Amino acid sequence: MGNPPELYHRILNIPRETSPQEIRAAYRNLVKKWHPDKHPPSSKPEAEARFKAITEAYEALLDQQENRAVFGVCNDGRTGERVRPCGGGAHITRTRSDDFSTRTAPGTPAREFKKVYSSGNSGGRRAFAEFSSSIMRKAPQLERKLECTLEELCLGCKKQVKFTRDVVTKNGTIVKKEVTQMVLVKPGWKKGNKTTFEGMGDERPGCLPGDAVFVISEKKHPVFKREGNDLVLKAEVPLVSALTGWSFSFRLLGGKKVSCSFQDEIICPGYEKIIKGEGMPIVDQKGARGDLRVKFEIAFPKQLTDEQRNGLADILKGCA
């Protein structure tokens with residue numbers, strides 16, 4: 001008696017043909033993650049169920065490995081047969097790896113399956129029932145937008161957010177509960193980035209709690225526009241300044257002052273000046289940043305007097 005081997009492998013997140021050493025390594029990693037003492041009260045029930053299921057899967061797969069060695073189960077999972085001397089005669093031992101059931105001749109010196117397989121081990125069965133249902137049945141995730149300024153996305157920040165989640169009471173009814181959560185926004189995060197809090201979403205009877213997911217949204221900035229990892233700044237230049245020289249200054253998102261000067265060059269319509277490394281931080285690339293692109297728009301006069309027109313014609317005559 002037992003659960004399908006595929007479920008055991010799925011619980012430990014390992015392929016079907018795995019060595020005992022790999023099974024032990026997977027088990028050690030998972031019990032560290034799901035030990036109930038490492039979880040807050042809100043996620044402790046899930047941790048306890050997973051911890052029990054992980055332990056049972058570990059023991060079951062190790063027993064399967066031992067029985068393969070003793071009984072000669074074929075690697076492809078088919079029934080294997082091996083003649084073993086026992087009590088002065090030859091006995092055929094058959095095993096079936098698909099359901100962990102075994103039939104052995106009396107006196108076979110094989111270790112019996114642990115109590116974890118028996119129907120009397122109700123604790124293990126409940127743990128597996130809870131864990132199996134969690135794979136198929138988990139409450140839908142609760143998704144909320146987290147609005148950030150461009151400065152917050154550039155520098156990174158901690159934002160305390162309040163949201164309401166459904167909670168199942170002891171008598172099975174669902175009530176609303178307000179929760180406060182601290183969200184760490186990393187420098188360089190973009191619109192659409194998500195941060196997930198496992199088990200902090202809505203609860204439903206018979207299901208494990210869903211996850212709370214916060215999706216980054218970006219507030220419109222009065223000066224800068226973000227394009228990927230670059231920042232774009234639009235600067236309007238009077239026609240006379242575009243032709244005769246111009247200087248202007250502005251502050252970056254972090255407060256740093258930047259000055260641009262054009263004395264010996266003409267600013268043409270559509271001209272773009274690129275300032276390297278003054279854009280947004282690039283996530284997971286320490287010290288790397290995008291560029292700042294200053295796009296110039298020429299402000300032409302709306303009207304000119306006849307004298308101004310004649311003067312400009314004389315001045316610009318012969319200019320290429």
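Residues numbered from 1 in each chain as written. Predicted model: local features only at pLDDT ≥ 70, side-chain atom pairs only at ≥ 80, totals over all residues. Heavy atoms only, no water.

### Overview of the overall build of the protein chain
When its secondary structure is counted, the protein chain shows seven helices and 14 strands. Per-residue burial over the protein chain gives 39% buried out of 320 residues. Considering only residue pairs separated by 6 or more positions, the protein chain has 55% of its internal contacts joining residues 24 or more positions apart. In the structure as shown, the protein chain presents an accessible area of about 19,500 Å², 51% of it carried by carbon and sulfur atoms. (Helix = DSSP H or I, 4+ residues; strand = E, 2+ residues; numbered from the N terminus. Buried < 20%, exposed > 50% of the residue type's maximum accessible area, 1.4 Å probe, protein only. Contact = heavy atoms within 4.5 Å. Areas by Shrake-Rupley, 256 points an atom, 1.4 Å probe, with all protein chains shown as cover.)

### So, the sheet that holds strand β14 (residues 292-299)
What the four strands build is an open sheet, ordered β9-β10-β14-β13; its pairing is mixed. Two strands bound the open sheet, and with one partner strand each, they are β9 (224-227) and β13 (272-275). Looking at each pair of strands side by side, their axes are set apart by 30° on average, direction ignored. Relative to β14, strand β10 (residues 230-238) is paired through eight bridges, and the arrangement is parallel. Paired with Leu 233 across the two strands is Val 294, which belongs to β14. (Pairing = 2+ DSSP bridges. Axes fitted to C-alpha atoms, helices over the stretch in contact; angles between N-to-C directions.)

### A look at the packing of aromatic side chains
Applying the stated criterion across every chain, the model contains eleven aromatic pairs. Measuring from ring centre to ring centre gives 6.2 Å for Trp 246 and Phe 296, while their planes differ by 80°; the resulting arrangement is edge-to-face. Of this pair, Trp 246 sits in strand β11 (residues 246-251) while Phe 296 is found in strand β14, placing the two residues 50 residues apart along the sequence. Among the residues examined, Phe 296 registers a relative accessible area of 4% and is labelled buried. Judged by centre distance (6.0 Å) and plane angle (85°), the ring pair of Phe 248 and Phe 296 falls under edge-to-face. (Phe/Tyr/Trp six-rings, centres within 6.5 Å; stacked < 30°, edge-to-face > 60°.)

### Here we look at the pattern of salt bridges
Applying the stated criterion to the full structure yields eleven salt bridges. The partner of Glu 203 in a salt bridge is Arg 165, and the shortest N-O contact between them spans 3.6 Å. Residue Glu 203 is located in the loop between β7 (194-197) and β8 (212-218), and its partner Arg 165 is located in strand β5 (residues 157-168); the two are separated by 38 residues in the primary sequence. Under the relative-accessibility criterion, Glu 203 is labelled buried at 16%. A residue is classified by how much of its surface remains accessible, and Arg 165, at 5% relative accessible area, is buried. In this structure, Glu 227 and Arg 293 form a salt bridge, with 3.1 Å as the shortest nitrogen-oxygen distance. Within this pair, whereas Glu 227 is found in strand β9, its partner Arg 293 is found in strand β14, the two being separated by 66 residues in sequence. Look at the salt bridges and you will find they share partners, linking Glu 227, Asp 230, Glu 272 and Arg 293 into a network. (Salt bridge = Lys/Arg side-chain N within 4 Å of Asp/Glu carboxyl O.)

### Re the sheet that holds β8
A sheet is described by the order of its strands in space; here three strands give the open sequence β4-β8-β7, paired in mixed fashion. In this open sheet, the two edge strands, each paired with only one partner strand, are β4 (142-148) and β7. With direction set aside, neighbouring strand axes in the sheet form an average angle of 25°. Bridge count between β4 and β8: seven bridges; the pairing is parallel.

### What to know about the nonpolar core
Here is a general trend for soluble globular proteins: nonpolar side chains tend to be buried in one another's company. In this structure, Val 185, Phe 248, Phe 250, Leu 292, Val 294 and Phe 296 are the most contacted members of the largest nonpolar core, which totals 39 residues. Beyond its immediate chain neighbours, meaning those up to four positions away, Phe 248 contacts Leu 233, Ala 235, Val 258, Ser 259, Cys 260, Phe 262, Val 294 and Phe 296. One finds Leu 12, Ala 26, Leu 30 and Ala 60 within the second-largest nonpolar core, a separate group that totals 19 residues. (Core = buried A, V, L, I, M, F, W, Y, C linked by side-chain atoms within 4.5 Å.)

### A word on a positive patch on the surface
Among the surface-exposed residues, Arg 24, Arg 28, Lys 32 and Lys 38 lie close enough to one another that they form a single positively charged patch. Inspection of the secondary structure assignment puts Arg 28 in helix α2 (residues 20-34). Arg 28 sits in the partly exposed class, given a relative accessible area of 47%. (Patch = residues over 30% accessible without salt bridge, like charges linked within 9 Å, V, L, I, M, F, W, Y side chains within 5 Å. Lys, Arg positive; Asp, Glu negative; His and termini not counted. Charge placed at Lys NZ, Arg CZ, Asp CG, Glu CD.)

### Re unusual backbone geometry
We note that Asn 13 has phi near 60°; this positive angle belongs to a residue other than glycine. Following the sequence through the fold, Asn 13 ends up in the loop between α1 (5-12) and α2. Owing to a relative accessible area of 67%, Asn 13 belongs among the exposed residues under this scheme. Phi is positive for Asp 284, close to 65°, though the residue is something other than glycine. Positionally, Asp 284 belongs in the loop between β13 and β14.

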